[in-house]
Amino acid sequence: MHRLSADRRHRVRFTLNGKPVEADAEPRMLLTDFLRHELGQTGTHVGCEHGVCGACTIEIDGVPARACLTLAVQADGATIRTVEGLAPEPGRLSVLQDAFRRHHALQCGFCTAGILMSLDGYLRRHSAPTEAELREFLGGHLCRCTGYTPILAAALDAAKTLREVPAHA
Amino acid sequence: MKPARFDYQRADTLAEVHAALAEYGNDARVMAGGQTLMPMLSMRLARPKLLVDIMHLPELARIEADAKVIRIGAGVRQAELLAWPELAQRQPLLASALPWVGHAQTRSRGTVCGSVAHADPSAELPLAMLALDGSIELSAGRKRRSVTAQDFFTGMMSTARGHDELIEAVSIPTRRAGTGTAFAEFGRRHGDFAIVACAAVVAADRVTLAVGGVGDKPERRDFPALDGGALDDALNAFAWDLDARDDLHATAAYRRELVRRMGRDTIEEARRCIA
Ligand code: FES
Ligand code: FES
């Protein structure tokens, strides 16, 4: 049995974008706050803090997850990817990020990190998504700026590029 | 919005979960996927003293099936059930209801049993459980019992679960030959809570319609095989018997009308699917 008491901070360790990280968290600390405040990784955004907007979406153990609906202590031992891990090298965007730039799929950028993380995993699992499937999938995100059309176009474009040159991911 | 303080325990054994629930009772909450519980904690609608995380118990993470039932353990995520290759053939109603549960980004974490445990009146899985004569397996230490969905959902987010009981699994009968099923939902946006959701199970001589989103829990009615005006009358009677209420999203009258129309459409679709 291993009970973490409410009023103390406890060591939390996980793999973040391929590197081991650790810091301390009270049991009640949300993973969003842990990533941003304890680890300084501010790419993951926080909108609604109750699972509705999708801004905080990251990947935990290979599946999309709302970081605001996850406790830091729950993530102990997990493998996590965030938007900071998308670009293959400094100065170069991923295929998906590049498609977002070309299609103007972001304006203020608040929703973007979450949508990128959602789509990145989705396109790995579904190499030839239809527009309808992507629309349904994007239903898990709110964007107040773009009207979604350029996001959809970028996702379809990225899927096409990834089919042609998958190594570029 | 940040949760109030609680202790957190990642359980390594089932016995540990039972001991924690026995010790804390109503002050403990079981944490599975967290997709409903976390918002409640952050909004401080729930303020448990202890959270017991059950997602590291391999014995709860299984989908098991025999000729009669599908048993879904408390650790099975909604996306895992949806991706189970046998689902559509063994229980097509679940396969059509699951895509309506939240979004892909929450189904990846949320569990089937967690949704049943929360018993939101507009949630799809409690509705499917009720339509399909599902049952809920509860355990407290060595005591075990199984409760039918009909008896389990007792009101607005309230169930027959005792404070010391863990939902270990839910069991859902597999599709019987000669039956058809269908599911339909109406909401403002996909992924929103249903204004009305309908699940129908039909056979040559009978019809079951369950509806969610109308009263404070999912409700079901069984009819003989009716058609035409007689079916409309039966649906109208059902709609009036439901304790429909006005809220921000729809009036009671609108919900009743959805029950009549969508109920009929769902039953007809289920009839077309009889196999
Ligand atoms: S901040 Fe997590 S879903 Fe909105
Ligand atoms: S780009 Fe502003 S919210 Fe999406």
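As the structure is a computational prediction, the values presented were derived from the model and not from experiment.

Scoring rules and cut-offs
- Along each chain, residue indices are assigned from 1 in the same order as the chain's sequence is written.
- Following the order in which they are written, the chains are lettered starting with A and the ligands numbered starting with 1.
- In keeping with the model being predicted, local features are shown solely for residues with a pLDDT of at least 70 and side-chain atom pairs are shown and tallied solely at 80 or more, while totals for entire chains, interfaces and linings include all residues.
- Remark: hydrogens and water are excluded; side-chain values derive from all non-hydrogen atoms of the structure.
- For every residue, the predictor assigns a confidence score, pLDDT, that lies between 0 and 100.
- Three exposure classes are used, based on accessible area relative to the maximum for each residue type with a 1.4 Å probe and protein chains only: buried under 20%, partly exposed in between, and exposed over 50%.
- Numbering of helices and strands starts at the N terminus; helices are DSSP runs of H or I of at least 4 residues and strands are runs of E of at least 2.
- By the convention used here, strands pair only if DSSP detects at least 2 bridges between them.
- Here a residue-residue contact requires only that any non-hydrogen atoms of the pair lie within 4.5 Å.
- In this description, buried area is defined as the sum, over both parts, of the accessible area (probe of 1.4 Å) that is lost when the two are combined.
- What makes a salt bridge here is a side-chain nitrogen of Lys or Arg within 4 Å of a carboxyl oxygen of Asp or Glu, nothing more.
- By the criterion applied in these results, polar contacts are pairs of N or O atoms within 3.5 Å in which, for protein atoms, one can donate a hydrogen and the other can accept it, and in which residues neighboring in sequence qualify only through two side-chain atoms.

A. Geometry of the confidence of the model for chain B. On average, residues of chain B carry a pLDDT of 96, and 100% of them reach 70 or more. With pTM at 0.95, the complex prediction returns an ipTM value of 0.94.

B. Representation of the pairing of strand S10 (residues 166-173) of chain B. All names here are of chain B. For S10, a buried count of 8 out of 8 residues is recorded, marking the element as mostly surrounded by other parts of the structure. Where strand S5 (residues 69-73) lies against S10, 5 bridges are found, and the strand directions are antiparallel. If you follow Gly 73 over to S10, its bridge partner there is Ala 169. As paired elements, strand S6 (residues 135-140) and S10 share 5 bridges and run antiparallel to each other. Pairing of Glu 137 across the sheet is with Ala 169, part of S10.

C. Highlighting unusual backbone geometry. If you check the backbone angles, His 104 of chain A has positive phi at about 50 degrees while not being a glycine. According to the relative accessible area criterion, His 104 of chain A is exposed, its value standing at 59%. Phi angles above zero are rare outside glycine, and Ala 119 of chain B is one such case at about 55 degrees. If you trace the backbone, Ala 119 of chain B turns up in the loop between helix H7 (112-118) and helix H8 (124-131).

D. Structural detail: the interface of chain A and chain B. With 35 residues of chain A at the interface, the matching set in chain B holds 35 residues. The contact between chain A and chain B buries some 2,900 Å² in all, and 52% of this surface belongs to carbon and sulfur atoms. The largest contributions to the chain A side of the interface with chain B come from Arg 3, Arg 28 and Leu 69 of chain A, which together make up 24% of the buried area. Across the contact surface, chain A and chain B share 4 salt bridges. The residue Glu 49 of chain A makes a salt bridge to Lys 2 of chain B at a minimum N-O spacing of 2.5 Å. Taken together, the connections running from chain A to chain B amount to 16 residue pairs in polar contact (both at pLDDT 80 or more). For the side of chain A that touches chain B, the elements supplying multiple residues, two or more each, are strand S1 (3-4), strand S4 (57-60), strand S5 (63-66) and helix H4 (131-138) of chain A. Among the elements that line the side of chain A that touches chain B, the one with the most residues is S5 of chain A, at 4 residues.

E. Expanded view of the pattern of salt bridges. Residues and elements named next belong to chain B. Enumeration according to the criterion identifies 39 salt bridges over all chains in this entry. Asp 227 is the salt-bridge partner of Arg 271, the closest N and O atoms lying 3.2 Å from each other. Pair noted here: Arg 271 is in helix H11 (residues 252-272) and Asp 227 is in the loop between strand S14 (219-224) and helix H10 (228-241), with a separation of 44 residues, a long-range link. For Arg 271, a relative accessible area of 22% gives the class partly exposed. As a salt-bridge pair, Arg 255 and Asp 247 come within 3.0 Å of each other at their nearest N and O atoms. Residue classification places Arg 255 among the buried positions, given a relative accessible area of 4%. Judged by its relative accessible area of 38%, Asp 247 falls in the partly exposed class. Residues participating in the shared-partner salt-bridge network are Arg 62, Glu 64, Arg 71, Glu 137, Arg 144 and Glu 168.

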